[in-house]
Amino acid sequence: MAATSRMEHDLKQKAVKAVKTAKTSIERLRAQCLSRGASGIKGLGRTFKIMDDDGNRSIDYKEFSKGLRDFGVMMDKTEVQELFNDLDRDNSGSLDFDEFLIALRPPMRQCRKNLINQAFRKLDKTGDNNITVEDLKGVYNVKKHPKYLNGEWTEEQCLRTFLDTFDSPDNKDGTVTEDEFMNYYAGVSASVDSDAYFDLMMKNAWKL
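What counts and how
Residues numbered from 1 in each chain as written. Predicted model: local features only at pLDDT ≥ 70, side-chain atom pairs only at ≥ 80, totals over all residues. Heavy atoms only, no water. Core = buried A, V, L, I, M, F, W, Y, C linked by side-chain atoms within 4.5 Å. Buried < 20%, exposed > 50% of the residue type's maximum accessible area, 1.4 Å probe, protein only. Helix = DSSP H or I, 4+ residues; strand = E, 2+ residues; numbered from the N terminus. Contact = heavy atoms within 4.5 Å. Salt bridge = Lys/Arg side-chain N within 4 Å of Asp/Glu carboxyl O.

I keep staring at the nonpolar core and nothing clicks. Help me out?
The nonpolar side chains of soluble globular proteins are, as a tendency, buried together. Counting 54 residues, the largest nonpolar core has Leu29, Phe64 and Phe181 as the members making the most contacts within it. Per-element tally for this core: the top contributor is helix H11 (residues 178-190), with six residues. Residue contacts for Leu29: discarding those within four places in its chain leaves Leu44, Leu68, Val73, Met75, Leu83, Phe100 and Leu104.

Printed below as a string of structure tokens:
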């Protein structure tokens, strides 16, 4: 289940306001990401992943600054430096970007994280910590999809389009990792104030 258009709209509106009232650099960056919708944080994660040429999952200040700029984040150099210094807690001159993305996620109660993990495990039938079209077969029913019913799309096309919802808008590779799934739902969670409603929404969507 992806965020509804109403949820996306509410989330973007909240985030635009939050950009103006943010007290810290990380809050301002989080709000700028969420102003793009539930996929915003995940999209920034993908931008950094593409830049990680040597695969060591860490970025220095120059890469960090370029990644934010490439993603369209509006911050001046002083603020970017301040943000990098705040996140570089061991003063190593580089950031582990998995830890960075965790810091960037909107705060979530453990009960919500547990539901997101349950949904991911249900979808990840192969247990390889990635969701693909093959994993979705038999879990997500396309039989009522309008484009499947009118013959315009095959089951494969319906599943791929559904999977793309959780993927980064700028780099849809047909694979959604556990972190990407969590980053997406952290965005959805930010648009839902009530734990009870979030619980009901996830359980209904994924038959948990």
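I would appreciate a short explanation of the environment of Lys17 in the present structure.
Mapping Lys17 onto the fold places it in helix H1 (residues 5-21). Sequence separation between Lys17 and Gln118 is 101 residues; the distance between their C-alpha atoms is 32 Å.

Looking at this structure, how should I read the side chain of Arg112?
One can find Arg112 in helix H7 (residues 110-123). Owing to a relative accessible area of 5%, Arg112 belongs among the buried residues under this scheme. Excluding anything up to four places from it in sequence, Arg112 contacts Ser189, Val192, Asp193, Ser194, Asp195 and Phe198.

Mind showing me how you'd approach unusual backbone geometry here?
Positive phi outside glycine occurs at Asn129, with the angle close to 65°. In this fold, Asn129 is placed in the loop between H7 and strand S3 (130-131). By relative accessible area, which is 45% here, Asn129 ends up partly exposed. Within the chain, Lys207 stands out as a residue other than glycine whose phi angle is a positive 50°. With respect to the helices and strands, the residue Lys207 is situated in the segment after helix H12 (195-206). For Lys207, a relative accessible area of 63% translates into the label exposed.

Is there a simple way to explain the pattern of salt bridges in this structure?
Pairs can form between side chains of opposite charge whenever their charged atoms are close. Tallied over the entire structure, the rule returns twelve salt bridges. Taking the shortest distance from any N to any O, the salt bridge between Arg28 and Glu79 comes out at 2.0 Å. Here the residue Arg28 occupies a position in helix H2 (residues 25-34), and Glu79 occupies one in helix H5 (residues 77-87), the gap between them amounting to 51 residues. With relative accessibility at 21%, the residue Arg28 sits in the partly exposed group. Measuring nitrogen to oxygen at the nearest pair gives 2.4 Å for the salt bridge that ties Asp195 to Arg109. Here the residue Asp195 occupies a position in helix H12, and Arg109 occupies one in the loop between helix H6 (97-104) and H7, the gap between them amounting to 86 residues. Residue Asp195 is classed as partly exposed on the basis of its relative accessible area, which comes to 24%. What emerges from the salt-bridge pattern is a single network uniting Arg109, Arg112 and Asp195.

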